[in-house]
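So you can see what is in the structure, the chains are spelled out below.
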Amino acid sequence: MMELRFDDATLRLRVGFSTSASQTLALHQQLHFWQNERGGVLLASSVGASDGVVEVVRVTPPHRDDRAGWYWLKLDHARVLNEIQGAFDQGLHFVGYWHTHAQVRPQLSSQDVDAMMPAIRGAGLDLQRLLMVVVGGRRRALALDVCAVDCATGAWERLVPEPASRSVDVGLDIEKGRLG
Ligand SMILES: [Zn+2]
């Protein structure tokens, strides 16, 4: 299984998703209309300060204290801060959030960014930018929209997926909810 890669030449930012991070995202795709949005935190081995390379090696799964409807999501604030601290103790850095859309071609919306900004400011996270990843696609075809958000202004840029990363089969047996 290949890694997923996204690029933005202007931002000097390259984002990769490890196999296990991709599989966790695929496990929580919002494939059916009755399923709620889900989300979590993106953790990377490096924040790309020097080379612009961010390798997302782990994503946290949805949590029962999150509140979600079909098209909105509010992550439990305490759990997010907990996860960020726990990951930092293991040498991993918080680089952003993921959540699902019931879309074959997922797209971040301005409402998504507006909803996330208070959380960032409230958390006192000292970040210049963070990633927002929207998870969509079909069964056995994971698709991601990867955007970089400027934490000061809320302006955001969409990263371009490498051709092989537009939609990938991550080898999940979704019906059984496990790796296949
Ligand atoms: Zn959304």
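Placed above this text is the structure.
No experiment lies behind these values; they were computed from the predicted model shown.

Strand direction decides the pairing type here: strand β2 (residues 13-17) and strand β4 (residues 53-59), joined by 4 bridges, are parallel. Paired with F17 across the bridge in β4 is V56. One ladder, built from 3 bridges, connects strand β3 (residues 39-44) with β4; its direction is antiparallel. Its bridge partner lying in β4, L43 is registered against R58.

So, about the sheet that holds strand β9 (residues 141-150). Taken in spatial order, the 9 strands make up an open sheet running β10-β9-β8-β7-β3-β4-β2-β1-β11, and their pairing is mixed. A strand with exactly one partner marks an edge of an open sheet, and here the two such strands are β10 (156-158) and β11 (160-161). Bridge count between strand β7 (residues 93-100) and strand β8 (residues 129-138): 5 bridges; the pairing is parallel. Counterpart to G96 in the pairing with β8 is L131. Here helix α1 (residues 19-27) sits on the sheet and contacts β1 (4-8), β2, β4, β7, β8 and β9; the angle it forms with β4, its principal contact strand, is near 55 degrees. Along the sheet, helix α2 (residues 77-89) contacts β3 and β7; its crossing angle with β3, the most-contacted strand, is approximately 20 degrees.

What counts and what doesn't
- Residues numbered from 1 in each chain as written.
- Predicted model: local features only at pLDDT ≥ 70, side-chain atom pairs only at ≥ 80, totals over all residues.
- Pairing = 2+ DSSP bridges.
- Helix = DSSP H or I, 4+ residues; strand = E, 2+ residues; numbered from the N terminus.
- Contact = placed C-beta atoms within 7 Å.
- Axes fitted to C-alpha atoms, helices over the stretch in contact; angles between N-to-C directions.

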